[in-house]
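Architecture and fold: a report
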Amino acid sequence: MPIVRIEMLTGRTREQKQQLAEAVTNDVARIAKCSAESIQIVFTEVKREDWATAGVLADAKAPAPTT
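Residues numbered from 1 in each chain as written. Predicted model: local features only at pLDDT ≥ 70, side-chain atom pairs only at ≥ 80, totals over all residues. Heavy atoms only, no water.

With that settled, consider the side chain of Thr 25. Within the fold, Thr 25 resides in helix H1 (residues 14-32). Under the relative-accessibility criterion, Thr 25 is labelled buried at 14%. With near-sequence residues (within four places) excluded, Thr 25 lies in contact with Ala 36, Ile 39 and Ile 41. (Helix = DSSP H or I, 4+ residues; strand = E, 2+ residues; numbered from the N terminus. Buried < 20%, exposed > 50% of the residue type's maximum accessible area, 1.4 Å probe, protein only. Contact = heavy atoms within 4.5 Å.)

In structure tokens, the structure reads:
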């Protein structure tokens, strides 16, 4: 049973997460040669103030587009 954990900044819509879950499931099933039903995906959303890149908190930067 593959478990895929996806950590990302908050702000994605439910539809975006659904599309991501479908795409990841399809690719993992194809590559790992397992059924889609056996794949678990866990989304962890992190507040911008709790995520830093290159020593700069994400809330100090302009927000990323959510399209």
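Right, let's talk about the pattern of salt bridges for a bit. On inspection of all chains with the given rule, the structure shows three salt bridges. Residues Asp 27 and Arg 30 are paired through a salt bridge, measuring 3.4 Å at the closest nitrogen-oxygen approach. You can see Asp 27 and its partner Arg 30 sitting in helix H1, three residues apart, about one turn around the helix. By relative accessible area, which is 52% here, Arg 30 ends up exposed. With its nearest N and O atoms 3.6 Å apart, the salt bridge here joins Glu 49 to Lys 47. On the accessibility criterion, Glu 49 (44% relative accessible area) is partly exposed. (Salt bridge = Lys/Arg side-chain N within 4 Å of Asp/Glu carboxyl O.)

Moving on to the pairing of strand S2 (residues 40-46). Successive side chains on a regular strand alternate, one facing one side of the sheet and the next facing the other. Bridging between strand S1 (residues 3-9) and S2 involves seven bridges; their strand directions are parallel. Residue Arg 5 lies in a different strand from S2, and its bridge partner there is Val 42. On the question of chirality, the crossover connecting S1 to the parallel S2 by way of H1 is right-handed. (Pairing = 2+ DSSP bridges. Right-handed = clockwise from strand over helix to strand, strands pointing away.)

With that out of the way, let us pick up the side chain of Gln 16. In this fold, Gln 16 is placed in helix H1. On the basis of relative accessible area, Gln 16 is assigned to the buried category, the value being 18%. At a separation of 2.7 Å, a polar atom in the side chain of Gln 16 contacts the main-chain amide nitrogen of Thr 13. (Polar contact = N/O pair within 3.5 Å; in protein donor to acceptor, adjacent residues only side chain to side chain.)

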